[in-house]
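Residue-level structural notes
One-letter residues, chain by chain:
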Amino acid sequence: QVFSKMTVRDNLIVAAQEHHGSMWSRMFAPGDSGLGTKADALIDQFRIRHVAHKKAGELSYGQQKLVDIAMAFMSEPALVLLDEPCAGVNPSLVGGISTLLKELNRSRASGGNGGSFIVIEHNMDFVMDLCHRIMVMVEGMVMAIGTPAEIRANKQVLDAYLGN
């Protein structure tokens, strides 16, 4: 959750503090808990340097979504769950989010950090562009699992979601 009265940079730092060191070490750590460098790197990677010192509540909804996603990566989790990262976002930003997530996936894989993403999203163009494997569910039941090409060719999926 983005804290609207905190700066973007402070939001990122807070997101990782619980996973950084012990309670004792955090009490005597620098004000940024030693996480400032990592926060700055993500700020650059997410291309939000120009708003890093603004309060999150002053940002557009799309910029807040970018901050929210960046916060999820601050603690370098093995699994990142993104629940509708494109919901309510200006369509012009959706492609940028997709590109950013692809870059993060590549950099995590090449950096040895590994990790996986699970993305829950209704924007099928976004899903088809981003994901290697897709699971389509209807009313809590799995309808299909496959590559984007397999999902595009699945008649049940087309009937249920794509309107054919």
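This write-up is about the structure you can find in this document.

Cut-off values and rules
Residues numbered from 1 in each chain as written. Predicted model: local features only at pLDDT ≥ 70, side-chain atom pairs only at ≥ 80, totals over all residues. Heavy atoms only, no water. Helix = DSSP H or I, 4+ residues; strand = E, 2+ residues; numbered from the N terminus. Buried < 20%, exposed > 50% of the residue type's maximum accessible area, 1.4 Å probe, protein only. Contact = heavy atoms within 4.5 Å. Areas by Shrake-Rupley, 256 points an atom, 1.4 Å probe, with all protein chains shown as cover. Salt bridge = Lys/Arg side-chain N within 4 Å of Asp/Glu carboxyl O.

**Description of the overall build of the protein**
Scanning the protein from N- to C-terminus turns up eight helices and four strands. Scanning the protein from its N terminus toward the C terminus, one meets helices and strands in the order α-α-α-α-β-α-β-α-β-β-α-α. Across the 164 residues that make up the protein, the buried fraction comes to 35%. Considering only contacts within the protein whose residues lie at least 6 apart along the sequence, 58% involve residues at least 24 apart. Of the accessible surface of the protein, which amounts to about 9,500 Å², a share of 54% is contributed by carbon and sulfur atoms.

**Digging into the environment of Leu-59**
Take Leu-59: it is sitting in the loop between helix H3 (36-45) and helix H4 (61-73). As a C-alpha pair, Leu-59 and Val-8 span 51 residues in sequence and 9.2 Å in three-dimensional space. Sequence-distant contacts of Leu-59, defined by excluding residues within four places in its chain, comprise Val-8, Val-51, Lys-54, Gln-64 and Val-67.

**Re the pattern of salt bridges**
Counted under the stated rule, the structure contains seven salt bridges. Salt-bridge contacts for Asp-40 lead to Arg-9; the nearest nitrogen and oxygen are separated by 2.8 Å. Here the residue Asp-40 occupies a position in helix H3, and Arg-9 occupies one in helix H1 (residues 8-17), the gap between them amounting to 31 residues. With a relative accessible area of 23%, Asp-40 lands in the partly exposed category. When the shortest N-O distance is used, the salt bridge between Lys-155 and Asp-159 registers 3.0 Å. Of this pair, Lys-155 and Asp-159 both sit in helix H8 (residues 155-162), separated by four residues, roughly a single helical turn. Each member of the salt-bridge network shares a partner with another, and the members are Arg-9, Asp-40, Asp-44 and Arg-49.

This is a description of form; function is not addressed.
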